[in-house]
Each structure stands twice: as structure tokens, then as C-alpha cells.
Amino acid sequence: MSESVKPETGTPLVKRGLAEMLKGGVIMDVVTPDQAKIAEDAGAVAVMALERVPADIRAQGGVARMSDPDMIDGIIKAVSIPVMAKARIGHFVEAQIIQELGVDYIDESEVLSPADYVNHIDKWKFKVPFVCGATNLGEALRRITEGAAMIRSKGEAGTGDVSEATKHIRTIGAEIRALAAKNEDELYVAAKELQAPYELVREVARTGKLPVVMFTAGGVATPADAAMMMQLGADGVFVGSGIFKSGNPIERAKAIVKATTFYNDPAVLAEVSRGLGEAMVGINVSDIPAPHRLADRGW
Amino acid sequence: MSLPVGVLSLQGDFREHLQAFERLGVAATGVRTAAELANVSGLVIPGGESTTIGKLARIFNIFDPIRDAVKAGLPTFGTCAGLIMLADDILGGIDGQETFGGLDVTVSRNAFGNQSDSFEAELQFVGIGHPVKAAFIRAPIITEVRGADVRSTLEDGRVVAVSQGNILGISFHPEVTGDDSVHELFMREFVK
């Protein structure tokens, strides 16, 4: 056997690669090991371990922080699928702690209270990959520049109102299409306007897609919501409060998994939408005063 | 050869497999239903979450057709979660986790640890004349080989690729590294 290259961990390829394996799947927010088991049994591709789902963070108010390590440990032990956990925007020490716990992905999340209103975490310094939220293409590319290995288009978490998620995934899609239609010599100014590095802007213009996987999140409460996000171009969906704040979490979790796979088949969608009981009680985003909108956090 | 190669497209990185075949000039198509399965010359089970792929296959009534087709000799290639799905025995599965089977081996899920232990490496591979670029992502390992042939190991001897009759199973992802030589080998040796 010839000398082979030494194995290397924490490379961009393996960080982005895990997100590739999650595609077409549903990532569910869970607050207990029992909920994590329910999510895994329903066919979730990963779980997000947190102390309070966004609907409760919203209702209870106050500063929302990283979860208790004991709670994250309990969820890691309960399931075989990847476990994600949230750190506050810019809180690189929370991220160091979460990496130490052995989670598979860190979400630098606007659902928690930001710890730094200027800088996000320098995600290249970590072996564990990060997912970050974005409301537009420039924001997505800035997060990728900082080392994000996966993007989720933001919705308004904890509302059950899918309209913000729709707006942001449409925005990102439209901005990518507009970029792809530009001439080479127009990309310099496009990079300036997007406030993103030229090399990355040129790559998106050439390939017509982000260089990382993009899920969508925030306000997804029904199988139809999940399927709509997939039809709008998401690679998969995060469901937060929508499952465990509903009347029948087990059936709803299974139904959203099925709808995410067969998002283009209305016959399947009709079937899985039946008999799910009460959806989570929603809040219309338009009723939330602007300072309390989570999607506006991050820049 | 008239029929395309199928890629099971329930969940995971099926698009990367379709792109690998496209780069090789091989016709390939997504498979989600038993009817689609009946019209392919070979089948790839992609990377993804084996628990999710198994459940979706069961729910959408393609689980038994795949198991039967693999048993009947359909050329089949599994990567990572796909290897788990093709193993007769698994370790570290969830309660009641089912596999299609076909490879007389035991496969251990998430054998390297969590995502921080995921890695890239280059491997010697029986039947391929150069090192293969491989990405191991929360990868499984083949802990016991009974009726299958070993095709590749890590430097420490742990088995990461096997074949048996019509089936090729590997614990890594050539489809995300852009190294198409294992797909080329699958076409050359198995689909023909």
C-alpha cells in the first residue's frame, strides 16, 4: 500500500457534508429525552436540544441562553440521530461549551438573546459545524464567510405563522436568480450591494445556488407548511414549537416527515393532513410589535 | 443497457449520487415508488439517516420491494446510511430498526463518535488503481465480515467497504468528495 494522506477532521467538506445527509428531512425542537425519542421514532433526521421551545421563550420573555449541559447530555444519550444545540449570536464561549458536550451541529440562533450586537461567532475556529439563520442572500453569504456550514432561512419562530419563512426563502431564491442573470462585469457591484465577498458572490452567480445546504425554519406548523417550504426550494425544514405545542405531537411529527419527502404529491399531502388534531395556537406576525420579532436579530 | 440506474430518493444526499452518475455519462433516475424500482438496472441507497430512510421506505410501501429486488440480484450500492440498510445485522440501531439486508456482515452505526470526529481520508480500494478520496461523516464501520469480501480498510485495519454478489457497501461518501471512481466501479463490476 502506498502512503496515504493523513485523515483530517473538522474540514469544510465534512462540516458541509453532514448537512447534505440531512437533506429532505425534518429537524425537530425537543426539550426532553422523551420528546427526542418521539422525534427519532417519527423519522426526524436530527433534533435540536433546547430548554424552551420558541413559543415559550416568546411567552415567558427575559434573556434566553444556551441550555443546561445536563439537559443536552440527556438528549444526546437518548437518540442515535444527530443532535444540535443553540448558542447565542456572538457567544463563542457558549459555542465552545456546546462543542465540548459533543453535539453534532451548533445553531447560532436569533431565537436566543444575542450576546454581541456587532460580531457573529468566528465559526472557522470550531471542529463542529454551524447552522445560521438568514433573511436575505447577503446575510446568508456573510454567515458562510464566517464559517457557517449550513443556512436556514429565518421565519418568525414560535408563532405558527409561516408568512415570514415564506418571505425570506422567496427573497433568498429571488436574489440568487437575479445574481445568476448578471454579466461577469456586474458582479463586483453586486458584491458591494450584498455586502458579501466577491469570490462567494461569483460562485453563487455561476452555480445558481448557495455553496451550502439551506433549510427553512420558523412558523412551520402543518404538513402543508413544510411541503410549501420544500416547493419553494428549501433542502429540508426545522420545526420548532409546531410539533410539541400541538394537540397530537406523535402523529403531527410523522405527518410532517412524510409531507417533507412527498412535498410534490398533493394526494400524499392530503392524506397526511387528516386527523392531526389541534395545530399549535398561532400568533400572527403582524400582531407582534417590531422590537419583539426574532427574525430581525442578526445582520 | 437501456434502463437507467436508480437512486433511492426518500431522504439524504441522493442528488449528489445523481450528479456523480451524470459526470460519468450514466443515465440515472430517482426512485421513490415500487413502480419506479421496477424500471432500473441498479439501485443506490444514499447517505442520510438510516432510521429515517427505513421508516419512509416502510411507510411508502417500497421496503419489501427493495428487499426482494436486492435478494433477486438487482445490482445495489449503499453509502453510509445505505451500507447500514444493506447489512444483515446492525449495532447501535434504534428499537425495531429494520434493514433491507443482503450483506452478511455486522455494521456498527456512528462508530467513530459524533460529528467532531468526522474526517476525510484517502483509501486503497480493491478494483480501483488509485487512492479514493473519502469523506466519513458520522460514519458506520463494518465490525464483522462473514460472507462478504473486504474491498477497503482504514490504515488501522478497520473495514470500510465490502462486496457480496450483486451488492457493494461502503461506510463513506465518495459522492461528496467528487471522486467518482467507486461509482465507476459499481457500473463496471456490478451493473455491467
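Bear in mind the structure is a predicted one, so any value in this text is a computation, not a measurement.

Overview of the environment of Arg 152 of chain A
All names here are of chain A. Within the fold, Arg 152 resides in strand E7 (residues 150–153). The exposure class of Arg 152 is buried, given its relative accessible area of 3%. C-alpha of Arg 152 to C-alpha of Ile 57: the two residues are 95 residues apart in sequence and 20 Å apart in space. Side-chain polar atoms of Arg 152 contact the side chain of Glu 110, separated by 3.0 Å.

Quick notes on helix H4 (residues 69–78) of chain A
Residue and element names in this part refer to chain A. Those residues of H4 not exposed but buried are Met 71, Ile 72 and Ile 75. All buried residues of H4 project into a common sector of 100° when viewed along the axis, lining one side. Residues of H4 that are exposed and point more than 90 degrees away from the buried face comprise Asp 70 and Lys 77. The secondary structure elements touched by the buried residues of H4 are strand E2 (26–30), helix H2 (33–42), strand E3 (46–49), strand E4 (83–88) and helix H5 (92–101). By the N-cap criterion, in which a side-chain oxygen at the helix start approaches the backbone nitrogen of a residue two or three places on, H4 is capped by Asp 68, the distance to Asp 70 being 2.8 Å.

What to know about the packing of aromatic side chains
The way to describe two aromatic rings as a pair is by their centre distance and the angle between their planes. Considering all chains together, one arrives at 13 aromatic pairs over all chains under this definition. Relative to Phe 238 of chain A, the ring of Phe 215 of chain A has its centre 5.7 Å away and its plane inclined at 70°; by these criteria the two rings are edge-to-face. Note that Phe 215 of chain A is positioned in strand E8 (residues 213–216) and Phe 238 of chain A in strand E9 (residues 237–239), a separation of 23 residues in sequence. Overall, the relative accessible area of 5% leaves Phe 238 of chain A in the buried class. An aromatic cluster is defined as three or more aromatic residues linked by ring pairs; in this entry it consists of Phe 112, Phe 119, Phe 125, Phe 136 and Phe 172 of chain B. The ring of Phe 262 of chain A has Arg 32 of chain B lying over it, and the distance from NZ or CZ to the ring centre is 5.5 Å. For Arg 58 of chain B, the ring lying beneath its charged end belongs to Phe 63 of chain B, and the centroid distance is 4.2 Å.

Conventions and cut-offs
- Residue numbers restart at each chain and count upward from 1, following the sequence in its written direction.
- Whichever chain is written first is A, and whichever ligand is written first is 1; the rest continue in order.
- In keeping with the model being predicted, local features are shown solely for residues with a pLDDT of at least 70 and side-chain atom pairs are shown and tallied solely at 80 or more, while totals for entire chains, interfaces and linings include all residues.
- Side-chain figures throughout are based on the complete set of non-hydrogen atoms in the structure, without hydrogens or water.
- A helix here means a DSSP run of H or I that spans at least four residues, while a strand means a run of E at least two residues long, and both kinds are numbered starting from the N terminus.
- Remark: exposure states derive from per-residue accessible area (1.4 Å probe, protein chains only) relative to the maximum for the residue type, with buried under 20%, exposed over 50%, and partly exposed in between.
- In protein, a polar contact means a hydrogen-donor-capable atom and an acceptor-capable atom, both N or O and within 3.5 Å, with residues adjacent in sequence counting only if both atoms are side-chain atoms; elsewhere, any N or O pair within 3.5 Å suffices.
- Read the arc as the range of directions from the helix axis to the C-beta atoms.
- Here, residues are in contact when the closest pair of their heavy atoms is within 4.5 Å.
- Each Phe, Tyr or Trp ring (for Trp, its six-membered ring) is paired with any other whose centre lies within 6.5 Å, and the angle between the two planes then decides the class: stacked below 30 degrees, edge-to-face above 60, tilted in between.
- Charge-over-ring placement is defined geometrically: NZ (Lys) or CZ (Arg) within 6 Å of the ring centre, and within 35 degrees of the ring normal.

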